[in-house]
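Take a look at the letters that make up each chain.
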Amino acid sequence: MFASLCLVHGRVSLCAQESPNTSCPRPSPGAAVPEPEDLRSQNGVLELDLTVRNFTEPDGSKRFCYFDAAGNQSPTLRLSPGDLLILNLKNDLTDSPAAVPAASNHNHDHATSAKKLPDPCDSSTMSLTSTNLHFHGLTVPAVCHQDDVLKTSIQPSDPPFQYKFRIPENEPPGLYWYHPHIHGFSKIQVLGGASGAMIIEGIERANREVAGLPERVLIIRDQDLLNPNSPPAKSEPVVPKFLVDHDGDAANTGTGFGKPAKDLSINFVPVPYPDYPPATIQMKPQERQFWRVLNASAITYLNLAVLYKHAPQQLGIVALDGVPLNANGTTGDFISWQTHLGVPPGGRVEFIVTGPPAGVPGLLVTRTVDTGLGGENDPNRMLATITASEDALEPRSKLASLPTPLPPPAQPWLGNVTPVRVRKLYFSETLLDPNDPNSATTFYLTVDGQTPKPFDPASGIPDIIAKQGDVEDWIIENRSTELHAFHIHQLHFMLVAWDGVAVNEPFLRDTVNVPFHSTADLEYPSVRLRMDFRDPNTIGTFVYHCHLLEHEDGGMMGLIRVEPADSAQAPEKGTASSRTSSAPARSTTNN
Ligand SMILES: [Cu+2]
């Protein structure tokens, strides 16, 4: 069932639903791209009630939706650095299948006890109806009521659970997001639509090129195919055969065509296979706008392009993963002009786009991404038409025209800090039956030298112990034949080298692709990342993982403990001493 859109204050919006208790309304294919509702902090505080619900729609699709108190879905949370967020999350999920049994030494018996509910701050309950929130990209502490995802688990019987923390004063202005992070159930909830944007205000203070621009938040999500049994459109070249990969998704055809692993939606307007009827965006002719795009897909990579009369347009990247591109403080109002923008699941890209001239048809598309022999199929497809019209409504939000510049960063640029140690980690996969490519896959993210095993939520033993205040280099290898997206909570990192070639990007990321392995490779593909543990909030125990959520749910996750600077080093998994190189890496290219 699709809900119609409605006009609120003259703008297309997702309507506040009359009965959000009975459905999870979504726009129809081809609809105008609605803007998520904005909830803004006032007098330094944003307090809101958010309810998560799930429904099986008449078409059989499983949806998960966040509603605010007014019934708006997935509102955008807008706060400034220093503001207080108070978010009361009510879990109204239903239809619990059997909960995943937690490890025997944990308090799993609580999960089935009607009388004695587990403390949501110390619960190991992991089921389809458990939930919590991760604030992706924020450098806030990984503690309960803030950004802990390891022990925090909220059950439907719990009263509203309060998230309460201050946005750090030094949080870079940009696009962040919130989504559930229950191990084993992240994919189904996010794929069902449980995600929303969060904006730390003030990007025009970091880069004056965007001052005064109208801004548009676009959230690309993926979902199960609406028409899984349809043949491809007749306009497509014939692709030899359809295979299914280890995860049961349509396998990479390597051609840019064929059945996608998942459908995409843009602000919940579905763009279903096989014809990809585009959603619609109107702009005033040749108007400059600032587009803030979140890839909230569970497994789908994006490679965005804007085409006018089939010609790719220049898109001016201002920020990636919530951090302005001029973050190293030396590049002024730097903008990187590109004709296509790769965005892994979990990643964000914020860019300047100029609307088409009157009468010129425009298209927002995602081009194919080669995810490797073992990867999913992410073919070329349309997302939205862009039509120039003098009558186009302005987006709801506009950046300030006369911003006060941000103060310079208090710490030395990460790229100028010598790492105190180098660690190597690697992504790998094994098949239950090595001779059967369709047998079950186990996913690993292993510290080199340790024994690969899937993430065990009950273990609590860190795979890596780091010190607060340190900067380290991590080399992440990919020993599997599919692309993975490395993400770590609580901090941003700098991409130092890509596949052995120094890039020394003058900006930061929190999610990065790690290229897939081919049998012809002499070495495993890798990225080298400079990891920043200097922020006082980057402390405690938290996770790093692949942001393809079926990989994360399947075990491709590890645990890091960042200890206070003055603490004695405790052992990591296995024997710690042989696991890390203590030699400082003076060069970023020699490894
Ligand atoms: Cu992965």
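Per chain, residues are indexed from 1 in the order of the written sequence. The model is predicted, so local features are restricted to residues of pLDDT at least 70 and side-chain atom pairs to those at 80 or more, both for listing and for counting; the totals for chains, interfaces and linings are taken over all residues. For the side-chain quantities, the full set of heavy atoms in the structure was used; hydrogens and water were omitted.

Secondary structure elements are defined from DSSP: runs of H or I of at least 4 residues count as helices, runs of E of at least 2 residues count as strands, and each element is numbered from the N terminus. Per the secondary structure count, the protein chain includes three helices and 37 strands. Whether two residues touch is decided by their heavy atoms; if any such pair falls within 4.5 Å, the residues are in contact. The long-range fraction of contacts in the protein chain, counting pairs at least 24 apart against all pairs at least 6 apart in sequence, stands at 78%. Each accessible area is a Shrake-Rupley result for a 1.4 Å probe, and residues are judged covered by the shown protein chains and nothing else. With an accessible surface of roughly 22,700 Å², the protein chain has 53% of that area assigned to carbon and sulfur atoms.

Quick look at the pairing of strand β10 (residues 174-179) now. On any regular strand, side chains alternate: one points to one face of the sheet, the next to the other face. With a 1.4 Å probe rolled over the protein chains alone, any residue whose accessible area is under 20% of its type maximum counts as buried; one over 50% counts as exposed, and the rest are partly exposed. Burial within β10 is extensive, with six of its six residues counted as buried. Pairing of strand β8 (residues 134-136) with β10, which is carried by three bridges, proceeds in the antiparallel orientation. Opposite His134, over in β10, you have His179 as the bridge partner. Here, any two strands with at least 2 DSSP bridges between them count as paired. Bridge count between β10 and strand β11 (residues 196-200): five bridges; the pairing is antiparallel. Residue pairing across strands places Tyr176 opposite Met198, the latter belonging to β11.

Another point: the side chain of Ser130. Note that Ser130 resides in the loop between β7 (84-92) and β8. For Ser130, a relative accessible area of 0% corresponds to the buried category. Contacts described as polar in this section are N or O atom pairs within 3.5 Å, which, within protein, must combine one atom able to donate a hydrogen with one able to accept it, while residues neighboring in sequence count only if both atoms come from side chains. There is a polar contact of 3.0 Å between the side chain of Ser130 and the side chain of Ser127. Side chain to side chain, Ser130 and Gln155 meet in a polar contact 3.0 Å long. Beyond its immediate stretch of four places on either side in the chain, Ser130 contacts Asn91, Leu93, Thr125, Ser153, Ile154, Gln155, Ile182 and Gln189.

In this structure, His484 (ND1), Cys546 (SG) and His551 (ND1) serve as the protein donors to the copper ion, at separations of 2.0 to 2.1 Å. A 2.8 Å cut-off from the metal defines N, O and S donors, relaxed to 3.2 Å for Na, K and Ca; water is not in the atom list, so some sites may appear incomplete. All donor residues of the copper ion come from one chain, and their arrangement in sequence is H-x61-C-x4-H. Note that His484 is positioned in strand β31 (residues 484-488) and His551 in helix α3 (residues 549-553), a separation of 67 residues in sequence. You'll find His484 and His551 in the same group, each marked buried.

A separate point is the packing of aromatic side chains. In this scheme Phe, Tyr and Trp rings, the latter by its six-membered ring, pair at centre separations within 6.5 Å, and the angle between planes marks the pair as stacked below 30 degrees, edge-to-face above 60, and tilted otherwise. Counted by the stated rule, this structure contains eleven aromatic pairs. What links up through ring pairs into an aromatic cluster is the set Trp474, Phe486, Phe493, Phe533 and Tyr544. A cation over an aromatic ring shows up here: Arg479 above the ring of Tyr426, its NZ or CZ 3.7 Å from the ring centre. For a lysine, the NZ atom is tested; for an arginine, the CZ atom; a charge sits over a ring if that atom is within 6 Å of the ring centre and within 35 degrees of the ring normal.

Let us look at the confidence of the model for the protein chain. Each residue carries a pLDDT score, the predictor's own confidence in it, on a scale running from 0 to 100. Scored by pLDDT, the protein chain comes out at a mean of 88, with 87% of its residues at no less than 70. Overall, residues 96-114 carries pLDDT values under 50, and its contacts beyond four positions in sequence, including any with other chains, amount to 20 contacts. Segment residues 575-591: pLDDT under 50, and 34 contacts once partners within four positions in sequence are set aside and those in other chains are kept.

A word on the sheet that holds strand β3 (residues 38-40). Strand order in the open sheet made by the five strands is β3-β6-β11-β10-β8, with mixed pairing throughout. Every interior strand has two partners, whereas the edge strands, β3 and β8, have only one. Adjacent strand axes in the sheet meet at a mean angle of 25° when their direction is disregarded. Every axis in this analysis is a line fitted to C-alpha atoms, fitted for helices over the stretch in contact. Angles between the N-to-C directions lie between 0 and 180 degrees.

Before going further, it helps to spend a moment on the sheet that holds β7. Strand order in this open sheet of four strands is β5-β4-β7-β9, and the pairing throughout is mixed. Because the sheet does not close on itself, it has two edges, and the strands there are β5 (62-68) and β9 (161-166). Pairwise comparison of adjacent strand axes, ignoring direction, gives a mean angle of 20° for this sheet. In the sheet, strand β4 (residues 45-56) pairs with β7 via nine bridges, with the strands oriented parallel. Bridging across to β7, Leu46 finds its partner in Leu85.

Residue Pro274 is reached from Tyr273 by a cis peptide bond, and omega for that bond is 5°. Tracing the backbone shows Pro274 in the loop between β14 (269-271) and β15 (279-283). With a phi close to 50°, Asp321 is a non-glycine residue in the positive phi region. Along the polypeptide, Asp321 turns up in the loop between β19 (315-320) and β20 (323-324). Although it is not a glycine, Gln490 adopts a positive phi angle of roughly 70°.

Any two cysteine sulfur atoms within 2.5 Å of one another count as a disulfide. Per the counting criterion, the structure on display carries two disulfides. There is a disulfide in this structure between Cys24 and Cys65, and the S-S distance comes to 1.2 Å. With the S-S dihedral at roughly -95°, the linkage between Cys24 and Cys65 falls on the left-handed side. Here Cys24, found in the loop between β2 (11-13) and β3, pairs with Cys65, found in strand β5; they are 41 residues apart in sequence, far enough to count as distant. For the pair Cys24 and Cys65, a shared accessibility class is recorded, and that class is buried. Here Cys121 engages in a disulfide with Cys144; their sulfurs sit 2.0 Å apart. Here the S-S torsion is close to -85°, and the disulfide linking Cys121 with Cys144 is therefore left-handed. Of this pair, Cys121 sits in the loop between β7 and β8 while Cys144 sits in the loop between β8 and β9, and the two are 23 residues apart along the sequence.

Glancing now at the pattern of salt bridges. Whenever a carboxyl oxygen of Asp or Glu lies within 4 Å of a side-chain nitrogen of Lys or Arg, that contact is scored as a salt bridge. The full count for this structure, using the stated rule, is 28 salt bridges. For Asp38, the salt bridge is made with Arg396, and the minimal N-O distance between the two is 3.9 Å. Placement of the pair is Asp38 in strand β3 and Arg396 in the loop between β25 (381-388) and β26 (397-398), with a sequence separation of 358 residues. You can call Asp38 buried: its relative accessible area is 14%. Looking at Arg396, the relative accessible area reads 22%, which means it is partly exposed. Notably, a salt bridge pairs Asp224 with Lys262, separated by 2.8 Å at the nearest N-O pair. Of this pair, Asp224 sits in the loop between β12 (214-223) and β13 (263-266) while Lys262 sits in the loop between β12 and β13; the two residues are 38 residues apart in sequence, bridging distant segments of the chain. Taking relative accessible area as the criterion, Lys262 reaches 5% and is therefore assigned buried. Salt bridges sharing common partners tie together Glu37, Asp38, Arg40, Arg78, Glu201, Glu215, Arg292, Glu350 and Arg396.

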